[in-house]
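Working through the structure, step by step
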Amino acid sequence: MPIGIKLKDLKVRSLDLDFNEITWTVSDTTVDVLDYTFQVLRSESPMGPFAEISKEFSDVYRFIDNAILVGDKWRRYYYRVKVRNVVTGEVDETEATVKEPEPDLVALEVRRHIQILFREHAGRKVWLLPCRLSGQRCECWSPRLSQRTRSGCVTCFDTGYVRGYYGPIETFGQIDPSAKAEQASNLGRIQQTNTTGRFPAYPPIKPSDVIVELENRRWRVTSVTSTEKGRATIHQEVQLHEIPPMDIEYSIPIDVEGALKDLWATPPLNFTNPQNLENLREDSVAMAYLSRKP
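Residues numbered from 1 in each chain as written. Predicted model: local features only at pLDDT ≥ 70, side-chain atom pairs only at ≥ 80, totals over all residues. Heavy atoms only, no water.

Moving on to the sheet that holds strand β16 (residues 210–213). The strand order around the closed barrel built from six strands is β9-β12-β15-β18-β17-β16, with neighbouring strands paired in antiparallel fashion. Neighbouring strand axes in the sheet, compared pairwise and without regard to direction, differ in orientation by 45° on average. For strand β12 (residues 169–175) and strand β15 (residues 194–200), the ladder comprises two bridges, and the chain directions are antiparallel. When the sheet's bridge partners are listed, I175 is paired in β15 with G197. Contacts from helix α1 (residues 105–122) reach β9 (124–129), β12, β15, β17 (218–229) and β18 (232–242), with the element oriented near 40° to β18. (Pairing = 2+ DSSP bridges. Helix = DSSP H or I, 4+ residues; strand = E, 2+ residues; numbered from the N terminus. Axes fitted to C-alpha atoms, helices over the stretch in contact; angles between N-to-C directions. Contact = heavy atoms within 4.5 Å.)

As structure tokens, then:
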């Protein structure tokens, strides 16, 4: 059952390093808005998990988040507003919003075309693991040295933060073929693989994120270059480094919906010949097989 009010114009703005301003409005309604409370949630991943950063309040449409960290340039905060009916207990949440330029109509249309291109023809399904940049420190982290004291930690996956990465985000993109090369060293053969890739505007990618292919090839993002329209991202070009199979990143669990045998990495349309009428049922296309009468 839908909740009685609907929030709109959720925006995150700030001209200060110490806080973000979250504002929203309520669509025109005839119900009493005092029967509803609002609560602000925050995460560093657009898919969550989201943590509560405020108490429930009513008839207030502005919140100042002054508990943000500014030490990392790639850290982004995503916000949601949870609405609760105090009478019935019904709860609803808005879509995640981040402090970024608002795309105009041209940028939105270009984003849509790129999404269709990657999803229906040119891309392959991959999973993005956003790297944690804040939260609970791992026991392998030394506050005095401001660095990790050991490698191969299964608690933080060598990120310094417990659990290391947020949950996987499914997306479609292109990863270019990579050259096979090796280098001799005193420790043996070193096999380094680097390549490039391109992805749509969502999900946002940052350095240190991990991209996982269906064949379990895992890549670490080293740099990201965006194509923008009015400062709104419409396309992402990334530099990738293939993670060696013995590294700790291969221990990151990936929980995907459904069995792996039922997943398609490449769009199924690329495996179907649209000119093969034998696969077309007579009732699937109206008037397809009706012959002309003389």
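This paragraph deals with the packing of aromatic side chains. One pass over the full model with this rule turns up five aromatic pairs. Look at W24 and F38: their rings are 5.9 Å apart centre to centre, the planes differ by 65°, and that puts the pair in the edge-to-face class. In this pair, W24 sits in strand β2 (residues 20–26) while F38 sits in strand β3 (residues 36–43), placing the two residues 14 residues apart along the sequence. Of the two residues, W24 and F38, both sit in the buried class. Judged by centre distance (6.2 Å) and plane angle (35°), the rings of W24 and F57 are tilted. With W24 in strand β2 and F57 in the loop between β4 (51–52) and β5 (62–65), this residue pair connects regions lying 33 residues apart in the sequence. Judged by relative accessible area, which is 3%, W24 ranks as buried. Chaining the aromatic ring pairs together yields one cluster made of W24, F38, F57, Y61 and F63. (Phe/Tyr/Trp six-rings, centres within 6.5 Å; stacked < 30°, edge-to-face > 60°. Buried < 20%, exposed > 50% of the residue type's maximum accessible area, 1.4 Å probe, protein only.)

Turning our eyes to something else, we now look at the sheet that holds β5. If you walk across this open sheet you meet the three strands as β1-β2-β5, and the pairing is antiparallel. Whereas interior strands pair on both sides, the edge strands pair on one side only; in this sheet they are β1 (7–13) and β5. Looking at each pair of strands side by side, their axes are set apart by 15° on average, direction ignored. Judged from the five bridges that link them, β1 and β2 form a sheet pairing that is antiparallel. Residue pairing across strands places K11 opposite T23, the latter belonging to β2.

Before going further, it helps to spend a moment on the environment of K55. Position of K55 relative to the elements: it lies in the loop between β4 and β5. Placed 16 residues apart in sequence, K55 and Q39 show a C-alpha to C-alpha distance of 6.0 Å. Residue contacts for K55: discarding those within four places in its chain leaves F38 and Q39.

The element strand β6 (residues 78–85) is extensively covered by neighbouring structure, given that six of its eight residues are classed as buried. Across eight bridges, the pairing between β3 and β6 is antiparallel. Each bridged residue has a counterpart across the sheet, and for S43 the counterpart in β6 is Y78. Where β6 meets strand β8 (residues 97–98), two bridges bridge the pair, whose relative direction is antiparallel.

Counting 18 residues, the largest nonpolar core has L7, I22, W24, F38, Y79 and V83 as its most contacted members. Breaking this core down by element, the ones donating at least two residues are β1, β2, β3 and β6. When near neighbours in sequence (up to four residues on either side) are disregarded, V83 contacts I3, I5, L7, Y36, T37, F38, E90, V91 and D92. Counting residues in each nonpolar core, the second largest holds 10 residues, with L133, F157, Y165 and I243 among its members. (Core = buried A, V, L, I, M, F, W, Y, C linked by side-chain atoms within 4.5 Å.)

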